[in-house]
Amino acid sequence: MVFGKTAHSLRLFRSIDGGRQQHPDAVPTTTREPSRSRRRSGEAMRGRTVSNVGVSLGYLLVLVDSTVLNVALPDIARSLGGSVAGQQWVVSAYLVTFGALLLSSGAIADRYGALRTYRVGVLAFVVTSVLCALAPTLLVLTILRAFQGAAAALIPGTTLALIGRMNPEPADRHRAIGLYALVTGCGFAAGPTVGGILIAAGGWRWIFLINVPVGILALAWSRYFPADSRARDRGARLDVRGQLLAVVFFALVVVVIIETGERSPIAAWALIATVCAAGLLYWSDRRSAAPAIPVRLLRIPPILRGTLYGFTIQVVMASTLFVASLYLINARGLSPLGAGLVLIAYTFGPCVLGPVAGRVVAARGPQLPAVLGQLAALVGSVAIAVVMFVGGPLWALIVTMLVAGTALPLVIVPMTGLIVAGAPAGSAGTAGGLFSASRQLGGAFGVAALGAVLASVGGTDGAGWAMMGAASVAVMALLGMVVRPHRTR
């Protein structure tokens with residue numbers, strides 16, 4: 001029956017209308033229509049929830065792959081060889097191509113359709129994951145990680161565009177972003193532990209093979225997403241030259257940072273090449289109808305703020321995860337699984353606080369949770385550094401990581417809202433790509449810079465000073481938020 005027990009009761013109800021007795025099966029219109037409306041509304045909400053979870057699954061691949069790798073770095077070094085710099089490159093090669101190509105992935109989604117671009121990205125990510133699992137040397141793995149980052153670049157901007165399409169109302173959009181943060185945060189949280197389990201069971205190659213079933217599930221789920229509009233921006237052009245120059249420029253910046261930490265003369269030559277690449281990129285973008293770096297969007301205050309603070313919080317979060325993983329395994333002597341279990345404290349916040357942050361943003365606006373997030377990043381980074389310096393107990397490190405880990409959702413959820421709401425019509429994919437690019441490049445620069453501090457100082461003190469570097473970035477971001485607050489909901 002359509003209405004269940006309620007309908008059965010209504011069939012027994014008789015009403016008088018104009019002196020005539022209605023048929024026993026006749027349900028009053030004023031009763032039927034609200035029931036149908038509520039049922040349709042509930043079905044639509046459940047359908048949106050299912051779709052929002054499915055969209056998040058694609059980005060889950062990207063996040064799990066980034067966090068699962070950190071506890072595998074020592075095992076990769078033992079298997080394929082390599083120093084701290086080599087381990088930095090395994091992480092940074094992925095983040096550089098990922099971040100740089102995100103700048104155009106949004107434009108690709110705007111032109112060819114968000115759903116189609118999402119599917120291509122997930123499929124390419126699965127293929128490159130298999131190739132990474134088969135890598136025979138550290139150099140080959142680093143190159144394949146760069147290609148994997150290029151595939152991953154097609155996913156985040158399209159997920160934000162799809163979320164915006166499925167949730168046009170601001171309140172629904174904030175709740176959807178909170179759910180998005182919950183699903184992806186769970187992947188972020190589970191990554192180190194899953195990595196430790198896979199390494200203990202079969203070695204580091206399994207951390208890439210696990211992407212295959214998850215990717216297949218994401219592709220199957222995408223059939224429930226809204227179809228791409230027929231009216232896409234076919235006139236938009238992609239500046240391949242500028243995009244390649246952007247990849248080269250950001251890669252050279254990472255080279256300079258890493259080689260400086262190694263005290264290598266290569267850093268000086270790389271710096272000269274970086275300046276040349278920056279000049280060529282500026283020249284190319286000035287002459288391009290579709291520049292690699294969409295400066296026009298950065299002139300919009302909400303997008304500028306979201307991009308800037310997305311970059312800074314990722315500098316802190318990615319570098320902390322990198323430094324803490326090496327510290328736990330190399331300095332504390334924990335196994336990859338043991339390190340992964342400890343790191344749950346750091347990744348627990350993104351898993352739990354995503355929906356809470358979404359509700360706070362919907363009720364109070366973006367300013368309060370963002371400031372609280374930056375404050376947590378500052379206090380947590382300093383506390384972690386102190387525990388590392390004094391060799392404090394493991395439980396103290398877990399507590400300080402728990403505090404620091406709350407920073408990511410409290411900053412990212414409101415900044416994501418600013419990006420989605422501030423994007424001009426027809427530019428949702430480009431704005432989403434810009435935001436995700438800022439985050440990934442922030443991660444690449446953070447791993448390179450604070451990894452350089454770790455390599456340069458060495459030992460436990462190196463890890464402590466690296467965390468103080470993360471705290472200094474959090475201080476600058478916090479001051480910016482307080483001095484120039486964003487009050488619009």
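Parameters and conventions
- Residues numbered from 1 in each chain as written.
- Predicted model: local features only at pLDDT ≥ 70, side-chain atom pairs only at ≥ 80, totals over all residues.
- Heavy atoms only, no water.
- Helix = DSSP H or I, 4+ residues; strand = E, 2+ residues; numbered from the N terminus.
- Buried < 20%, exposed > 50% of the residue type's maximum accessible area, 1.4 Å probe, protein only.
- Contact = heavy atoms within 4.5 Å.
- Polar contact = N/O pair within 3.5 Å; in protein donor to acceptor, adjacent residues only side chain to side chain.
- Salt bridge = Lys/Arg side-chain N within 4 Å of Asp/Glu carboxyl O.
- Phe/Tyr/Trp six-rings, centres within 6.5 Å; stacked < 30°, edge-to-face > 60°.
- Core = buried A, V, L, I, M, F, W, Y, C linked by side-chain atoms within 4.5 Å.
- Axes fitted to C-alpha atoms, helices over the stretch in contact; angles between N-to-C directions.
- Parallel < 35°, antiparallel > 145°, perpendicular 65-115°, else oblique.
- Left-handed = near helix turned anticlockwise from the far one by under 90°.
- Nonpolar A, V, L, I, M, F, W, Y, C, P; charged D, E, K, R; others polar.
- Arc of directions from axis to C-beta.
- Patch = residues over 30% accessible without salt bridge, like charges linked within 9 Å, V, L, I, M, F, W, Y side chains within 5 Å.
- Areas by Shrake-Rupley, 256 points an atom, 1.4 Å probe, with all protein chains shown as cover.
- pLDDT = per-residue confidence, 0-100.

## Some words on the overall build of the protein chain
Scanning the protein chain from N- to C-terminus turns up 20 helices and two strands. Counting every position in the protein chain, which comprises 489 residues, the buried fraction comes to 55%. Restricting the contact set of the protein chain to residue pairs at least 6 apart, pairs at least 24 apart contribute 85%.

## Quick word on the side chain of Ser222
Among the structural elements, Ser222 can be located in the loop between helix H10 (211-221) and helix H11 (240-261). Only 2.9 Å separates the side chain of Ser222 from the side chain of Arg119, close enough to count as a polar contact. Every residue in contact with Ser222, bar those within four places of it in the chain, is listed here: Leu115, Tyr118 and Arg119.

## What about the pattern of salt bridges?
Between side chains of opposite charge, a pair can form as their charged atoms come close. Scanning the entire structure with this criterion turns up one salt bridge. In this structure, Arg78 and Asp75 form a salt bridge, with 3.7 Å as the shortest nitrogen-oxygen distance. Here the residue Arg78 and the residue Asp75 both occupy positions in helix H3 (residues 73-80), the gap between them amounting to three residues, near one helical turn. The exposure class of Asp75 is buried, given its relative accessible area of 16%.

## Here we look at the packing of aromatic side chains
Tallied over the entire structure, the rule returns six aromatic pairs. Here the aromatic residues Phe249, Phe250, Phe311 and Phe445 are joined through ring pairs into a cluster of three or more.

## What to know about the nonpolar core
If you look at the biggest cluster of nonpolar residues, it comprises 134 residues, and the most contacted ones within it are Leu141, Phe250 and Met401. In terms of residue count, the dominant contributor to this core is helix H14 (residues 301-331) (15 residues).

## Things to note about the side chain of Thr97
Topologically, Thr97 is positioned in helix H4 (residues 84-112). For Thr97, a relative accessible area of 12% corresponds to the buried category. At a separation of 3.3 Å, a polar atom in the side chain of Thr97 contacts the main-chain carbonyl oxygen of Tyr94. Ignoring sequence-local partners within four residues, the contact set of Thr97 consists of Arg145, Ala146, Gly149, Ala150, Ala153 and Val247.

## Let's talk about the packing of H11 against helix H12 (residues 266-286)
One way to put it is that H11 packs onto H12 with a least axis distance of 8 Å and a crossing angle of 155°. Taken together, the axes of H11 and H12 are roughly antiparallel relative to one another. As H11 runs across H12, the sense of the crossing is left-handed. Residues Arg241, Gly242, Leu245, Ala246, Val248, Phe249, Leu252, Val253, Val255, Val256, Glu259 and Thr260 of H11 lie in contact with H12, whose contacting residues are Ile266, Ala267, Ala270, Leu271, Ala273, Thr274, Ala277, Ala278, Leu280, Leu281, Trp283 and Ser284. Taken together, the residues of the contact of H11 with H12 break down into 18 nonpolar, four polar and two charged.

## Side note on the environment of Pro424
Turning to its location among the elements, Pro424 is positioned in the loop between helix H18 (407-422) and helix H19 (428-457). Separated by 124 residues in the primary sequence, Pro424 and Ile300 place their C-alpha atoms 9.3 Å from one another. Not counting residues up to four positions away in its chain, the partners in contact with Pro424 are Leu297, Ile300 and Ile303.

## Comments concerning the packing of H14 against helix H20 (residues 459-483)
Packing of H14 against H20 leaves a shortest axis separation of 10 Å and a crossing angle of 165°. As the angle between them shows, H14 and H20 are arranged roughly antiparallel. Seen from above, H14 lies across H20 with left-handed handedness. Together, Tyr309, Thr312, Val315, Val316, Ser319, Thr320, Val323, Tyr327 and Ala331 of H14 and Thr460, Ala463, Ala466, Met467, Ala470, Val473, Ala474, Ala477, Gly480 and Met481 of H20 make up the contact between the two elements. Looking at the contact of H14 with H20, its residues break down into 14 nonpolar, five polar and no charged.

## Remarks on H10
Of all the residues in H10, the buried ones are Asn211, Gly215 and Ala218. All buried residues of H10 project into a common sector of 60° when viewed along the axis, lining one side.

## Comments concerning a nonpolar patch on the surface
Together, Leu368, Leu372, Leu375, Val379, Trp395, Val399 and Val403 make up a nonpolar patch on the protein surface, roughly 630 Å² of accessible area in all. The set of elements that each furnish at least two residues to the nonpolar patch consists of helix H16 (367-390) and helix H17 (394-405). For the nonpolar patch, the element with the most residues is H16, which contributes four residues.

## Some words on the confidence of the model for the protein chain
Per-chain confidence: the protein chain averages 78 in pLDDT, with 80% of residues scoring 70 or above. Of the regions scoring below 50 in pLDDT, residues 1-31 engages in 22 contacts with residues more than four places distant in sequence or in other chains.

## Points about the environment of Ile384
Within the secondary structure, Ile384 sits in helix H16. The class for Ile384 is buried, based on a relative accessible area of 0%. Each C-alpha atom, one on Ile384 and one on Met467, is 7.0 Å from the other, the two residues being 83 residues apart in sequence. Beyond its immediate stretch of four places on either side in the chain, Ile384 contacts Thr320, Leu397, Thr400, Met401, Ala404 and Met467.

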